[in-house]
Amino acid sequence: MQIPKQQILDFLEQQGKSDQKPQAEQELPQQVDTEKTEHQNLLQKFGINPQDLISKLGGGSFGL
């Protein structure tokens, strides 16, 4: 699943991890592909389980 970086930054904010946003903004690509191991590892670095992120997006918690 392709997820725009901004949605991940918003997710970090919602999870109370806004202190990690500047580093995530620098390290994450504009589009994060949750099926790529490299991108999964980056998400996990910021304490984001890719499957949790997908379920949150699918659940409409971002207004999608």
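Please refer to the structure higher up on the page.
Here's a quick rundown of the structure.

About the thresholds
- Residues numbered from 1 in each chain as written.
- Predicted model: local features only at pLDDT ≥ 70, side-chain atom pairs only at ≥ 80, totals over all residues.
- Heavy atoms only, no water.
- Helix = DSSP H or I, 4+ residues; strand = E, 2+ residues; numbered from the N terminus.
- Rg over C-alpha atoms; globule rule 2.2 N^0.38 Å.
- Buried < 20%, exposed > 50% of the residue type's maximum accessible area, 1.4 Å probe, protein only.
- Contact = heavy atoms within 4.5 Å.
- Lys, Arg positive; Asp, Glu negative; His and termini not counted.
- Charge placed at Lys NZ, Arg CZ, Asp CG, Glu CD.
- Core = buried A, V, L, I, M, F, W, Y, C linked by side-chain atoms within 4.5 Å.
- Salt bridge = Lys/Arg side-chain N within 4 Å of Asp/Glu carboxyl O.

1. Regarding the overall build of the protein chain
Now for step 1: Tallying secondary structure elements over the protein chain gives four helices and two strands in all.
Now for step 2: Listed by position from the N terminus, the elements making up the protein chain come as β-α-α-β-α-α.
Now for step 3: Relative to the 2.2 N^0.38 estimate, which gives 11 Å for 64 residues, the radius of gyration of the protein chain is 10 Å and therefore close to what a compact globule would have.
Now for step 4: Structurally, the protein chain occupies a C-alpha span of about 25 × 25 × 20 Å along its principal axes.
Now for step 5: Across the 64 residues of the protein chain, 33% fall into the buried class.
Now for step 6: When contacts within the protein chain are restricted to residue pairs at least 6 apart in sequence, those whose partners lie at least 24 apart make up 53%.
Now for step 7: Here the protein chain holds 6 positive side-chain charges and 9 negative ones, and the gap between their average locations is 1 Å.

2. Some details on the nonpolar core
Now for step 1: Residues Ile8, Leu12, Ala24, Leu28, Leu43, Ile48 and Leu53 are the most contacted members of the largest nonpolar core, which totals 14 residues.
Now for step 2: Listing elements by their share of this core, those giving two or more residues are α1 (5-14), α3 (37-45) and α4 (50-58).
Now for step 3: Here this core takes four residues from α1, the largest share from any one element.
Now for step 4: Leave out the neighbours within four places in its chain, and Leu12 touches Lys17, Ser18, Gln20, Lys21, Ala24, Phe46 and Ile48.

3. Examining the pattern of salt bridges
Now for step 1: Counted according to the given criterion, the structure contains two salt bridges.
Now for step 2: Here Glu13 ties to Lys21 by a salt bridge, and the two come within 2.9 Å at their closest N and O atoms.
Now for step 3: For Lys21, a relative accessible area of 22% gives the class partly exposed.
Now for step 4: We note a salt bridge from Lys45 to Glu27, for which the minimum N-O separation is 2.6 Å. With Lys45 in helix α3 and Glu27 in helix α2 (residues 21-27), the pair connects residues that are 18 residues apart, well separated along the chain.
Now for step 5: Classification of Glu27 as partly exposed rests on a relative accessible area of 30%.

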